[in-house]
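# Residue-level structural notes
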Amino acid sequence: MNQHIPQQQIIVMTGATAGLGAHALRTLAAQPATRVIVGARGAGRAVPQGVDVVPLDLASLADVRRFADTVIARLDGARIDILVLNAGMQSAATGARSADGYELTFAVNHLAHYLLARLLMPHLADFGRLVITTSDTHDPAITPIAPKTLDPKALAHPEKGGFGTGIRAYSSSKLCNLLTAQSFAASQEIRDRKIDVIAFNPGLTGGTSLGREASRARKILMTALMGTVFKIAGRFKPEYVMGTPERAGEQLAAVAAGDLAPPPGRLYVSLLKGEATFPDPSELARSRTARDQLWNESAAMVGLT
């Protein structure tokens with residue numbers, strides 16, 4: 001008697017070796033008949049047994065292309081069921097540049113993932129899922145310094161640096177993540193292929209790898225702020241209540257696996273005190289004009305038509 005062999009599920013993920021992504025990876029990799037391919041910078045990353053790690057430097061568009069080519073070759077004709085774009089970075093200022101000359105936060109958080117999604121989308125299975133991690137820092141109603149306008153060229157080549165520009169660049173890049181998700185969700189091809197697109201906000205989360213390049217003094221300052229200022233602010237604004245990477249990772253895995261989904265017609269899943277909510281993103285994040293502008297200008301920046 002022939003035994004039924006379950007079809008293998010294939011997941012491709014960035015941002016899976018630290019913080020909430022590492023917790024999500026453990027959950028996803030433990031699912032039966034699941035193969036996970038992870039893009040990670042450097043070597044020797046600690047991942048669950050059986051997870052395939054492919055080198056990926058999101059600060060280089062050429063490396064993003066190499067990663068996509070490697071993944072496609074290793075798929076050998078198989079399709080990706082779930083694509084999770086979770087990696088992100090945050091700097092103190094906007095002086096650093098990517099290998100392609102773009103402001104580093106914008107390049108890593110937005111352009112690299114935009115390009116990767118474009119390259120891998122033809123290899124995503126029908127009825128598959130695209131998950132892009134964003135942040136409620138994109139929303140001026142929650143974060144006062146959140147972007148109120150969008151100028152992709154200015155984000156790519158900022159004229160001014162200095163104190164506060166780093167977090168502004170981060171919140172702008174998270175707006176770009178949301179707009180990218182909106183663009184994919186609005187695509188007729190994506191609709192015809194019944195691909196789910198979800199933008200996931202883990203909320204304010206401790207123990208992440210954001211700001212890992214920061215100086216020791218800045219890390220100490222941020223830890224102090226999270227333990228004092230945010231704790232007090234959380235009494236008045238629930239978005240400032242600190243969550244754990246374990247809980248955020250658990251919820252990200254649930255979103256990726258399809259166990260947690262927004263209501264029909266929505267794509268934004270936002271954790272509030274560790275629980276999933278489905279609010280509207282900011283007005284700018286829902287703008288079709290901003291959405292299309294970002295898509296077209298990003299395509300030019302990464303060399304796509």
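Above: the structure in question.
Being a predicted model, the structure only gives us computed values, none of them experimental. (Residues numbered from 1 in each chain as written. Predicted model: local features only at pLDDT ≥ 70, side-chain atom pairs only at ≥ 80, totals over all residues. Heavy atoms only, no water.)

## Brief notes about unusual backbone geometry
Look at Asp76: it is not a glycine, yet its phi comes out positive at around 50 degrees. Inspection of the secondary structure puts Asp76 in the loop between α2 (61-75) and β4 (80-85). Look at Asp76 and you get exposed, because its relative accessible area is 71%. Non-glycine residue Phe127 carries a positive phi angle of around 65 degrees. Within the secondary structure layout, Phe127 lies in strand β5 (residues 124-133). (Helix = DSSP H or I, 4+ residues; strand = E, 2+ residues; numbered from the N terminus. Buried < 20%, exposed > 50% of the residue type's maximum accessible area, 1.4 Å probe, protein only.)

## What about the pattern of salt bridges?
Two side chains bearing opposite charge may form a pair once their charged atoms approach each other closely. With the rule as written, the count across this model stands at 11 salt bridges. Close ionic contact of Arg35 with Asp52 constitutes a salt bridge, the shortest N to O distance being 3.9 Å. One end of the pair, Arg35, is in strand β2 (residues 34-40); the other, Asp52, is in strand β3 (residues 52-55), and 17 residues separate them in sequence. The shortest N-O distance in the salt bridge between Asp52 and Arg74 comes to 2.7 Å. Of this pair, Asp52 sits in strand β3 while Arg74 sits in helix α2, and the two are 22 residues apart along the sequence. According to the relative accessible area criterion, Arg74 is partly exposed, its value standing at 37%. Ionic contacts of the salt-bridge type, sharing partners, join the residues Arg35, Asp52 and Arg74 into one network. (Salt bridge = Lys/Arg side-chain N within 4 Å of Asp/Glu carboxyl O.)

## Some remarks on α2
Between its terminal C-alpha atoms α2 stretches 21 Å, which fits the 21 Å expected from 15 residues at 1.5 Å a residue. For α2, the full list of buried residues reads Leu61, Asp63, Val64, Phe67, Ala68, Val71 and Leu75. One side of α2 holds all its buried residues, which, seen down the axis, span an arc of 155 degrees. Opposite its buried face, α2 presents the exposed residues Asp69 and Ala73, each directed more than 90 degrees away. Those residues of α2 hidden inside the fold are in contact with β1 (9-14), β2, β3, β4, α3 (104-120) and α10 (288-302). Backbone geometry just downstream of α2 places Asp76 in the positive-phi region, at approximately 50 degrees. (Expected span 1.5 Å × (residues − 1). Arc of directions from axis to C-beta. Contact = heavy atoms within 4.5 Å.)

## Topic: the environment of Ser183
Looking at where Ser183 falls in the secondary structure, it is placed in helix α5 (residues 165-186). Residue Ser183 is classed as buried on the basis of its relative accessible area, which comes to 11%. For the pair Ser183 and Val197, spaced 14 residues apart in sequence, the C-alpha to C-alpha distance is 9.6 Å. With near-sequence residues (within four places) excluded, Ser183 lies in contact with Arg291 and Trp295.

## Some thoughts on the layout of surface pockets
As a volume, the second largest pocket reaches approximately 640 Å³. Lining the second largest pocket are 26 residues; nearest its centre among them are Gln182, Ala185, Gly265, Arg266 and Leu267. Secondary structure elements with two or more residues in the lining of the second largest pocket: α5, α6 (188-192), β6 (196-201) and α10. Tallied by class, the residues present in the lining of the second largest pocket amount to 14 nonpolar, three polar and nine charged. (1 Å grid on protein atoms, 1.4 Å probe; cavity = no way out; pocket = protein on both sides within 12 Å on 5 of 7 lines; lining within 4 Å. Points joined across faces, edges and corners; volume = space filled by probe spheres on them. Nonpolar A, V, L, I, M, F, W, Y, C, P; charged D, E, K, R; others polar.)

## Some remarks on the sheet that holds strand β8 (residues 275-277)
Within the open sheet, the eight strands sit side by side as β3-β2-β1-β4-β5-β6-β7-β8. Their pairing is mixed. Each having just a single partner strand, β3 and β8 make up the two edges of the open sheet. Each adjacent strand pair in this sheet contributes to an overall mean axis angle of 20 degrees, direction not counted. Bridge count for strand β7 (residues 268-272) against β8 is three bridges, and the pairing is antiparallel. (Pairing = 2+ DSSP bridges. Axes fitted to C-alpha atoms, helices over the stretch in contact; angles between N-to-C directions.)

## A short note on empty space enclosed by the protein
Rolled over the atoms, a probe with the dimensions of a water molecule shows which regions are left empty. This model, assessed by the stated rule, comprises two cavities of 30 Å³ or more. Approximately 100 Å³ is the volume attributed to the largest cavity. Surrounding the largest cavity, 15 residues form its lining, Pro202, Gly203, Leu204, Gly243 and Gly274 being those nearest its centre. Listed by contribution, the elements that provide at least two residues to the lining of the largest cavity are α9 (245-257) and β7. Taken together, the residues of the lining of the largest cavity sort by class into seven nonpolar, five polar and three charged. A volume near 40 Å³ is recorded for the second largest cavity. The wall of the second largest cavity is formed by Leu85, Asn109, His110, His113, Tyr114, Ala117, Ile132, Asn177 and Thr180. Elements supplying a minimum of two residues to the lining of the second largest cavity: α3 and α5. It is α3 that contributes the most residues to the lining of the second largest cavity, five residues altogether. Split into classes, the residues belonging to the lining of the second largest cavity amount to four nonpolar, five polar and no charged.

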